[in-house]
Amino acid sequence: MNKEELDALVEGTESQQSQRKRKVAVLGFTDSWRLAPFQDPEWEIWGLNELYMFIPRWDRWFELHQREVYEADKNRIPDHLEKLRAMTCPIYMHQHWDDIPMSVAYPLEQVLQLIQTRYITNSITYMLALAILEGFEEIGVFGVDMAHDTEYGHQKLGCQFFI
């Protein structure tokens, strides 16, 4: 799939945009992701990182770590890149990568223009900001507790801002 075809998939036609789902579930890794409305077709499901190991379905994916980070991280599953390459939905990343055919450059400039804040502190806030940009009427957040005081300490305020 070339870049123009991928952009068209993400943007959709005018009739596709009017038929888009108006509810989105933003998922993180804590156990409450299990409460997400996977069985309800009215909900679009957004996952991230290696959450594909657990959830039954998704409509869009987010891998917003710098590529060199997840390529070098020995704690990630060994075939993470292969999983991304095999996905058939849009994968939001910092840029399009030719070896990850469904990768899409995250529209950071459009988000910042609308939101007018740099309070985007983690992948969940990128996801929430995009849902706001796209005009979803209902945004559910599942599996996002921000309860840990190390990595999530500085990220929690960003999530609170968008929620």
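Shown above is the structure to which this text applies.
Before going further, it helps to spend a moment on the environment of Met53. Structurally, Met53 can be placed in the loop between β2 (43-48) and β3 (60-62). Taking C-alpha positions, Met53 is 9.6 Å from Ile77, a pair spaced 24 residues apart along the chain.

Next up on the list: the pattern of salt bridges. By the definition in use, this model includes 9 salt bridges. Among the ionic pairs, Glu44 bridges to Arg60, the shortest N-O distance being 2.5 Å. With Glu44 in strand β2 and Arg60 in strand β3, the pair connects residues that are 16 residues apart, well separated along the chain. Like Glu44, the residue Arg60 is buried in the burial classification. Of the charged contacts in the structure, one is a salt bridge between Glu71 and Arg67, with a shortest N-O distance of 2.8 Å. Residue Glu71 and its partner Arg67 are located together in helix α3 (residues 67-72), separated by 4 residues, close to a single helical turn. Given the relative accessible area of 10%, Arg67 is considered buried. Salt bridges sharing common partners tie together Arg67, Glu71, Glu82, Arg85 and Asp99.

The next thing to look at is the pairing of β2. Judged by how many residues are buried, β2 sits mostly within the fold: 6 of 6 residues are covered. Covered by surrounding structure in β2 are Trp43, Ile45 and Gly47 together with Glu44, Trp46 and Leu48, the residues of both alternating faces. Strand direction decides the pairing type here: strand β1 (residues 23-27) and β2, joined by 4 bridges, are parallel. Following the sheet pairing, Lys23 is matched in β2 by Trp43. Taken together, the 3 bridges between β2 and β3 define a ladder with parallel strand orientation. Note on β3: the bridge partner recorded for Leu48 is Phe62.

Cut-offs used in this document
- Residues numbered from 1 in each chain as written.
- Predicted model: local features only at pLDDT ≥ 70, side-chain atom pairs only at ≥ 80, totals over all residues.
- Heavy atoms only, no water.
- Helix = DSSP H or I, 4+ residues; strand = E, 2+ residues; numbered from the N terminus.
- Salt bridge = Lys/Arg side-chain N within 4 Å of Asp/Glu carboxyl O.
- Buried < 20%, exposed > 50% of the residue type's maximum accessible area, 1.4 Å probe, protein only.
- Pairing = 2+ DSSP bridges.

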